[in-house]
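Understanding the architecture of this molecule
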Amino acid sequence: MVTIDAALVRWSTDEAERAGRPLLVLLHGVGSHEGDLIGLAPYLPRDLAIASLRAPLPHGDGHSWYPLALPGSPEPGPVDEAAEAVLAWVDSLGDAHPSVALLGFSQGGSLTLQLLRHAPERFAWAAVLAGFVVPDDSEATSRRDAELARVRPDVFWGRGDVDAVIPLDAVQRTADWLAAHADVEETVYPGLAHGISQEELDDLNAFISRVTNPLAGLDPDTLDSDSDSDSYSYNDSDSDVSAADRDAPDRAAAPDAPVTTDADALAVDAGQRIGTVDDPAVR
């Protein structure tokens, strides 16, 4: 049985400031950690309480949510176990937050969609960045998918058109599945590899405003980020990930740092990485 270590969760706000705020749960990619996607916090709505979880399984210098197998097609059983662990952690928070949403990158994106399968009415919305849906034709999952199709949660799905990490068959499977089970906003970003760009974050913020403002009472004026930086890019191509990046996953964010346009480096925080070190051979 896998569990989420609550002591390792990275939060965007102090504990005293979290209660009563909508919660966004961040799920990192394989080989990464809880200190990674939290770097997105300055680029997301300030009214959110954002929690970045550490995956339970060791993977190299980082962690994974489930054992890796055929790229884009992991065994569903361990993915279900990871989903149940995240749900248990969310449930442990009680009624501290009026709503809960999910954002997952790559492997964390696959877990995000698995969480929607397990509890479609538990989450206000979800965002999947460079992720995919896990193939599973079991009877139990068919029942879950039928319920999900009834609820049809709002899902933002962003991906790059030159992403060499997620196989094309997994991309097509995800497109078909999301169309049948969710109200999906799908955007493909030209020239973006396995990563996240400023344009995608702008679209994500617009999506969050559209799906939450009428329900969660967010003030549209608070949807501006805390950062004065107007440019962000994270691209991950495993073949170009440097040894220095692999060996230093905990470098802190600095939103006002200069921007670089290198296609396979974080273009914010003076080259420090936000996202995941993903190996396309071990999806």
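Here is a short report on the structure shown in this document. (Residues numbered from 1 in each chain as written. Predicted model: local features only at pLDDT ≥ 70, side-chain atom pairs only at ≥ 80, totals over all residues. Heavy atoms only, no water.)

Overview of the overall build of the protein
Using the following cut-off: Secondary structure counts use DSSP, requiring at least four H or I residues in a row for a helix and at least two E residues in a row for a strand, with both numbered from the N terminus. Throughout, exposure labels follow a simple rule: accessible area from a 1.4 Å probe, protein chains only, divided by the maximum for the residue type, with under 20% read as buried, over 50% as exposed, and the rest as partly exposed. Contact criterion: two residues are considered in contact whenever any of their non-hydrogen atoms come within 4.5 Å of each other. For accessible areas, the Shrake-Rupley method is used with a probe of radius 1.4 Å. Any residue's cover is judged against the shown protein chains and nothing else.
Scanning the protein from terminus to terminus reveals six helices and eleven strands. Burial status across the protein gives 57% buried among its 283 residues. Sequence-distant contacts in the protein: of pairs separated by 6 or more residues, those separated by 24 or more amount to 80%. Put simply, the protein shows about 11,500 Å² of open surface, and 49% of that area lies on carbon and sulfur atoms.

A word on the nonpolar core
Convention followed: Buried residues of nine kinds, namely Ala, Val, Leu, Ile, Met, Phe, Trp, Tyr and Cys, make up a nonpolar core once their side-chain atoms join them within 4.5 Å.
Val-25, Leu-53, Trp-65, Val-86, Trp-89, Leu-111 and Leu-115 are the most contacted members of the largest nonpolar core, which has 44 residues in total. With eight residues, the single largest contributor to this core is helix 1 (residues 76-92). Once residues lying within four places of it in the same chain are set aside, the contact partners of Leu-53 are Ile-4, Val-9, Val-25, Leu-26, Leu-27, His-28, Glu-34, Trp-65, Val-86 and Trp-89.

Looking at the packing of aromatic side chains
Counted only if it meets this: By convention, a stacked pair of Phe, Tyr or Trp rings (six-membered ring in the case of Trp) has centres within 6.5 Å and planes under 30 degrees apart, an edge-to-face pair has planes over 60 apart, and any other such pair is tilted. The criterion is that NZ of a Lys, or CZ of an Arg, lies within 6 Å of the ring centre and within 35 degrees of the ring normal, and then a charge sits over that ring.
Inspection of every chain in the model, using the stated rule, returns three aromatic pairs. Aromatic side chains Trp-11 and Trp-89 sit 6.0 Å apart centroid to centroid with 45 degrees between the ring planes, which places their arrangement in the tilted category. Of this pair, Trp-11 sits in strand 1 (residues 10-11) while Trp-89 sits in helix 1; the two residues are 78 residues apart in sequence, bridging distant segments of the chain. Look at Trp-89 and you get buried, because its relative accessible area is 5%. Each residue in the set Trp-125, Phe-156 and Phe-207 is aromatic and connected to the rest through ring pairs, giving one cluster. Its end group placed over the ring of Trp-157, Arg-159 keeps NZ or CZ at 5.0 Å from the ring centre.

A look at the packing of helix 3 (residues 139-151) against helix 4 (residues 168-181)
Under the convention used in this document: Convention adopted: a line fitted to C-alpha atoms gives each axis, helices being fitted over their contacting stretch, and angles between N-to-C directions are expressed from 0 to 180 degrees. Roughly parallel means an angle under 35 degrees; roughly antiparallel means over 145; roughly perpendicular covers 65 to 115; every other angle is labelled oblique. Lys, Arg, Asp and Glu make up the charged group, whereas Ala, Val, Leu, Ile, Met, Phe, Trp, Tyr, Cys and Pro make up the nonpolar group; the residues left over, Gly among them, are polar.
Between helix 3 and helix 4, whose axes approach to 7 Å, the crossing angle comes to 60 degrees. Considering their axes alone, helix 3 and helix 4 lie oblique with respect to each other. Across the interface between the two elements, Asp-145, Leu-148 and Ala-149 from helix 3 touch Trp-177, Ala-180 and His-181 from helix 4. Residues of the contact of helix 3 with helix 4, tallied by class, amount to four nonpolar, one polar and one charged.

With respect to helix 1
Keep this limit in mind: One less than the number of residues in a helix, times 1.5 Å, gives the span that helix is expected to have.
Between the first and last C-alpha of helix 1 there are 24 Å, a value that for 17 residues agrees with the 24 Å anticipated at 1.5 Å per step. By the burial criterion, the buried members of helix 1 are Pro-76, Val-79, Asp-80, Ala-82, Ala-83, Ala-85, Val-86, Leu-87, Trp-89 and Val-90. For helix 1, the elements touching its buried residues are strand 1, strand 2 (23-27), strand 3 (49-53), strand 6 (100-105), helix 2 (107-118) and helix 3.

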